[in-house]
Each structure stands twice: as structure tokens, then as C-alpha cells.
Amino acid sequence: GAIPTPLVFELDPNTPGVMRELYVSRMPLMREDLVTAMQEAGVDNVQVYEAIIRDPVSGETHTNYKAVNIVGLVSALDRERADIEPDAPFGDLTMLLNSAPLDEAKAGDARLFRLQEKPSMIVIHEAVKDFLQARGFDNLTFTDPSEWAG
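This text gives an overview of the structure that appears in the document.

With that out of the way, let us pick up the sheet that holds strand 10 (residues 118–124). Think of a sheet as strands paired side by side through backbone hydrogen bonds, with each pair either parallel or antiparallel. Reading across the sheet, the 3 strands line up as 6-9-10 and stay open at both edges, with mixed pairing between neighbours. Only two strands of the sheet have a single partner each, and these edge strands are strand 6 (73–74) and strand 10. Inspection of the sheet shows strand 6 paired to strand 9 (residues 112–115) by 2 bridges, in the parallel sense. In the sheet register, Leu 73 faces strand 9, and the bridge partner there is Arg 114.

This paragraph deals with the packing of aromatic side chains. Inspection of the entire model under this criterion finds 1 aromatic pair. With a centroid separation of 6.1 Å and an interplanar angle of 55 degrees, the aromatic rings of Tyr 23 and Tyr 65 are classed as tilted. One end of the pair, Tyr 23, is in strand 2 (residues 22–24); the other, Tyr 65, is in strand 5 (residues 61–70), with 42 residues separating them in the sequence. For the pair Tyr 23 and Tyr 65, a shared accessibility class is recorded, and that class is buried. Taking NZ or CZ as reference, Lys 129 lies 5.8 Å from the ring centre of Phe 142, over its face.

Turning next to helix 1 (residues 32–40). Every buried residue belonging to helix 1 is among Leu 34, Val 35, Ala 37 and Met 38, and all of these are buried. Down the axis of helix 1, the buried side of the element spans an arc of 165 degrees, and every buried residue falls inside it. Where helix 1 terminates, the next one or two residues include Gly 42, which has phi positive at roughly 100 degrees.

Let us now look at a negative patch on the surface. A grouping of Glu 104, Glu 126, Asp 144 and Glu 147 is seen on the molecular surface, where their side chains present a negatively charged patch. Position of Glu 104 relative to the elements: it lies in helix 2 (residues 104–107).

Attention now goes to the environment of Ser 120. When you line up the elements, Ser 120 lands in strand 10. Given the relative accessible area of 53%, Ser 120 is considered exposed. Along the primary structure Ser 120 and Val 24 are separated by 96 residues, whereas in three dimensions their C-alpha atoms are 9.6 Å apart.

Right, let's talk about the environment of Tyr 65 for a bit. A relative accessible area of 1% places Tyr 65 in the buried class. Considered as a pair, Tyr 65 and Glu 50 are 15 residues apart in the sequence and their alpha carbons are 7.3 Å apart. With residues near it in sequence (within four places) discarded, Tyr 65 still touches Met 19, Arg 20, Glu 21, Tyr 23, Leu 29, Met 30, Arg 31, Glu 32, Ala 51 and Ile 53.

Before going further, it helps to spend a moment on the nonpolar core. Met 30, Leu 34, Met 38, Val 128, Leu 132 and Phe 137 are the most contacted members of the largest nonpolar core, which totals 14 residues. Sorting the residues of this core by element identifies helix 1, strand 5 and helix 3 (126–134) as the ones contributing at least two each. Take this core: its biggest share by element is 4 residues, from helix 1. Non-local contacts of Leu 132, meaning those with residues more than four positions away in its chain, are made with Leu 34, Ala 37, Met 38, Ile 124, Phe 137 and Leu 140. If you look at the next biggest cluster of nonpolar residues, it comprises 12 residues, including Leu 7, Ala 51, Tyr 65 and Ala 67.

Calculation notes
- Residue indices begin from 1 for each chain and proceed along its sequence in written order.
- Where totals are concerned, whole chains, interfaces and linings use all residues; where local detail is concerned, this predicted model gives features only for residues with pLDDT of at least 70, and gives and counts side-chain atom pairs only at 80 or more.
- For the side-chain quantities, the full set of heavy atoms in the structure was used; hydrogens and water were omitted.
- Whether two strands pair comes down to DSSP finding at least two bridges between them.
- For helices the rule is a DSSP run of H or I covering at least 4 residues; for strands it is a run of E covering at least 2, with both sets numbered from the N terminus onward.
- Geometry of aromatic contacts follows a simple scheme: Phe, Tyr and Trp rings, the Trp one being its six-membered ring, pair when their centres are within 6.5 Å, and the pair is stacked under 30 degrees between planes, edge-to-face over 60, tilted otherwise.
- Each residue gets one of three labels from its accessible area relative to the maximum for its type: buried under 20%, exposed over 50%, partly exposed in between, using a 1.4 Å probe on protein chains only.
- We call a charge positioned over a ring when the NZ of a Lys or the CZ of an Arg lies within 6 Å of the ring centre and within 35 degrees of the ring normal.
- The arc in question is the one spanned by the directions pointing from the helix axis to the C-beta atoms.
- Distance thresholds for patches are 9 Å for like charges and 5 Å for nonpolar side chains (Val, Leu, Ile, Met, Phe, Trp, Tyr), applied to residues having over 30% relative accessible area and no salt bridge.
- Shrake-Rupley sampling with a 1.4 Å probe provides the accessible areas, and residues are treated as covered by the protein chains on show and by no other component.
- By definition, a salt bridge exists where a carboxyl oxygen of Asp or Glu is found within 4 Å of a side-chain nitrogen of Lys or Arg.
- Positive residues here are Lys and Arg, negative ones are Asp and Glu, while His and the chain termini are left out of the count.
- Charge positions come from single atoms, namely NZ of Lys, CZ of Arg, CG of Asp or CD of Glu.
- Should any heavy atoms of two residues lie within 4.5 Å, those residues are counted as being in contact.
- Among buried residues, those of type Ala, Val, Leu, Ile, Met, Phe, Trp, Tyr and Cys that are joined through side-chain atoms within 4.5 Å constitute a nonpolar core.

The analysis is restricted to geometry; functional conclusions fall outside its scope.
Set out below in C-alpha cells:
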């Protein structure tokens, strides 16, 4: 079915603070300038939807965000080096990973993707990370996949 727009999200009233560039909720929310910078860095596999973020405490409404759907899963986990929970079924996409080192050859030149073995994990190419940091997006947190746990 069609996705209603704008999509409406609410900030957590228990987490006050400055508005961030990126929120990862049921669908990632990116500030418009971050979406533009990602596209300039070569990311071309995102669907972008109008979004509104409401602050339930102040009543403020933020309209400078987009809801983003990252299209495509990439199977790039280096299973030889991955630290996988021993009880997790090996074919299970919800496997528990204590670390998720990637096989860069499998990732190819993908700039941004979700990891097929763990779809909640969003992977960004180092060149895009460097581009964003050079543009001053310094509130984003990047974790090396081999150090990621989740």
C-alpha cells in the first residue's frame, strides 16, 4: 500500500536535548541537510518521505527531516571472523552477533546498506563517513563493524 505522508514521529519526552542529524526509529529519520550530503557522497539507494517530528514536551514541530527507507540488503558478513552466539540458528536472519566484521569484497562499492544477516544494522561506506565528517556532521556516531555488538 501507499505510505501516508507526511509520516509523523514523536520525540521521547524523557530524552531532552538538541535535535540530532539522525534518529533510528522504526524508519531512520535524517535531517534534510544530511540526506542531501549522503546523496552528494554517492548514496543512491534511499527512498525519501516527508516527515514531521513533534516534541511532546515543548509542542514544537520539526519539518526539516525526512523518513528514509534504505533499499536493498547486502549479504556481506564475514562468517569466518564473525562472533556469532553459539545457540543462534546459522540461517536465522535475526542471529545474535557479538561482532560483525564485513567481507569488503561482498559489500562491493555499496555506499549505504542494511546487512542481510542483521537487517537492523545500517552499514555506511568509509568514504561516505569521511565525506560527512568533512561537511561538519560531527554528532553522528560510527562504529567499526568488527567492534559492533547487537
